Amino acid sequence: MLSSNLTSTIISQFHSSKIRGLANRNSIITSIDEDGTVITRNIKNGNSQVINLWRYSQPGTCVEVCHDGKIVVGFRDGKIFGLGLDGKKVEWEVAAHKGAVTTIFGAFEGYMLTGGDDSVVRIWSKNKQLINQVSAHQKTVTKVLGEISASHIIHSCSYDRSIQTYDLKTDKKLYFRQALGGSLTDMIQNIKTGDLST
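Residues numbered from 1 in each chain as written. Predicted model: local features only at pLDDT ≥ 70, side-chain atom pairs only at ≥ 80, totals over all residues. Heavy atoms only, no water.

### Re the overall build of the chain
Okay, so step 1: In terms of helices and strands, the chain carries zero helices and 18 strands.
Okay, so step 2: Over its C-alpha trace the chain gives a radius of gyration of 17 Å, about what one expects of a compact globule, namely 16 Å for 198 residues.
Okay, so step 3: By the burial criterion, 46% of the 198 residues in the chain qualify as buried.
Okay, so step 4: Relative to all contacts within the chain whose residues are 6 or more apart in sequence, the contacts with residues 24 or more apart total 33%.
Okay, so step 5: Accessible surface, the chain: about 10,700 Å² in total, of which carbon and sulfur atoms supply 48%.
Okay, so step 6: The distance from the centre of the 23 positive side-chain charges to the centre of the 18 negative ones in the chain is 1 Å. (Helix = DSSP H or I, 4+ residues; strand = E, 2+ residues; numbered from the N terminus. Rg over C-alpha atoms; globule rule 2.2 N^0.38 Å. Buried < 20%, exposed > 50% of the residue type's maximum accessible area, 1.4 Å probe, protein only. Contact = heavy atoms within 4.5 Å. Areas by Shrake-Rupley, 256 points an atom, 1.4 Å probe, with all protein chains shown as cover. Lys, Arg positive; Asp, Glu negative; His and termini not counted. Charge placed at Lys NZ, Arg CZ, Asp CG, Glu CD.)

Take a look at the structure:
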């Protein structure tokens with residue numbers, strides 16, 4: 001945890017393998033590791049209290065805390081699980097992708113996005129039904145985001161060095177950007193300007 005003077009303090013050590021995802025909301029941090037272990041902690045006032053430790057039989061790949069505070073975790077076998085607000089109860093399970101689930105976005109009410117090793121972006125209803133899918137990439141999808149200013153617009157980036165922007169209302173691709181070299185492993189959106197950065 002970082003204090004106000006930007007020095008680091010270890011608040012707890014629990015994972016026994018590489019951490020593959022980390023998400024937080026309102027002093028609750030959830031992490032997932034290569035062994036399939038999901039740990040949810042409350043870090044209020046600088047103290048770390050483990051709320052729950054849950055494990056799945058496959059390697060973990062990503063984690064998201066959704067708009068309602070519920071935790072969604074993804075695994076190498078293509079499954080995603082929805083955990084309760086405290087990470088203690090598995091509320092639902094979906095076979096989301098062929099191959100690993102590599103990214104989850106759940107910040108908007110009404111839908112959730114996932115991306116995977118299968119190069120596909122999938123759009124899920126709040127009832128976890130597949131609404132639509134976008135097959136615009138040639139390689140693993142590394143990040144999915146909903147547009148801050150218009151929730152029907154989604155962005156994705158991939159190891160194929162492209163960023164795709166798609167309109168869910170019109171079911172059409174809006175933008176395509178290609179990097180000249182390397183791979184795109186992550187992206188963020190500026191809250192003020194809406195610009196994407198990789």
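### Structural notes on the packing of aromatic side chains
Okay, so step 1: Taken as a whole and assessed by the stated rule, the structure comprises eight aromatic pairs.
Okay, so step 2: Between Trp 54 and Phe 75 the ring centres are 6.1 Å apart and the planes differ by 65 degrees, which places this aromatic pair in the edge-to-face class. Pair noted here: Trp 54 is in strand S4 (residues 49-55) and Phe 75 is in strand S6 (residues 71-75), with a separation of 21 residues, a long-range link. For the pair Trp 54 and Phe 75, one class covers both residues: buried.
Okay, so step 3: Aromatic ring contacts, followed pair by pair, group Trp 54, Tyr 56, Phe 75 and Phe 81 into a single cluster. (Phe/Tyr/Trp six-rings, centres within 6.5 Å; stacked < 30°, edge-to-face > 60°.)

### What about the environment of Lys 173?
Okay, so step 1: Relative to the assigned elements, Lys 173 resides in strand S16 (residues 172-178).
Okay, so step 2: Here the alpha-carbon distance between Lys 173 and Val 72, two residues 101 residues apart in the chain, equals 27 Å.
Okay, so step 3: Those residues in contact with Lys 173, other than ones at most four positions away along the chain, are Ala 136, Gln 164, Thr 165 and Tyr 166.

### With respect to the nonpolar core
Okay, so step 1: Core analysis: the biggest nonpolar cluster contains 17 residues, and Leu 113, Val 134 and Ile 154 have the highest contact counts within it.
Okay, so step 2: Only strand S10 (111-116), strand S11 (121-125), strand S13 (141-146), strand S14 (153-158) and strand S15 (162-167) provide two or more residues apiece to this core.
Okay, so step 3: Filtering out sequence-adjacent residues up to four positions away, Ile 154 remains in contact with Tyr 111, Leu 113, Val 121, Ile 123, Val 134, Leu 145, Gly 146, Gln 164, Thr 165, Tyr 166 and Leu 168.
Okay, so step 4: Counting residues in each nonpolar core, the second largest holds 12 residues, with Ala 23, Ile 71, Val 73 and Phe 81 among its members. (Core = buried A, V, L, I, M, F, W, Y, C linked by side-chain atoms within 4.5 Å.)

### Quick word on the state of the cysteines
Okay, so step 1: Following the criterion strictly, the structure yields zero disulfides and no others.
Okay, so step 2: Free of any disulfide, Cys 62 has its nearest neighbouring cysteine sulfur in Cys 66, separated by 11 Å.
Okay, so step 3: Given a relative accessible area of 6%, Cys 62 falls into the buried group.
Okay, so step 4: Free of any disulfide, Cys 157 has its nearest cysteine sulfur in Cys 62, 13 Å distant.
Okay, so step 5: The buried category is assigned to Cys 157, whose relative accessible area is 0%. (Disulfide = S-S within 2.5 Å.)

### Some remarks on the sheet that holds strand S3 (residues 37-42)
Pairing between sheet strands relies on hydrogen bonds along the backbone, with the strands arranged either parallel or antiparallel.
Okay, so step 1: Taken together, four strands build an open sheet; the order of strands is S1-S2-S3-S4 and the sheet is antiparallel. If you trace the sheet from one side to the other, it starts and ends with strand S1 (19-25) and S4, each paired once. Sheet twist, expressed as the mean angle between neighbouring strand axes with direction ignored, is 15 degrees. (Pairing = 2+ DSSP bridges. Axes fitted to C-alpha atoms, helices over the stretch in contact; angles between N-to-C directions.)

### Details of the environment of Ser 156
Okay, so step 1: Counting through the fold element by element, Ser 156 comes out in strand S14.
Okay, so step 2: Along the backbone, Ser 156 and Met 187 are 31 residues apart, and their C-alpha atoms lie at a distance of 8.4 Å.
Okay, so step 3: For Ser 156, the residues in contact, after removing those within four places along its chain, are Val 121, His 137, Val 141, Lys 143, Val 144, Ser 162, Ile 163, Gln 164 and Met 187.
Okay, so step 4: Of the polar contacts made by the side chain of Ser 156, one reaches the side chain of His 137; its length is 2.7 Å. (Polar contact = N/O pair within 3.5 Å; in protein donor to acceptor, adjacent residues only side chain to side chain.)

### Points about the pairing of S1
Okay, so step 1: Pairing of S1 with strand S2 (residues 28-33) involves six bridges; the strand directions are antiparallel. Residue pairing in the sheet places Arg 25 in a bridge with Ile 28 of S2.
Okay, so step 2: Counting the residues between successive antiparallel strands, the hairpin from S1 to S2 contains two residues, one of them, Asn 26, with a positive phi of roughly 50 degrees.

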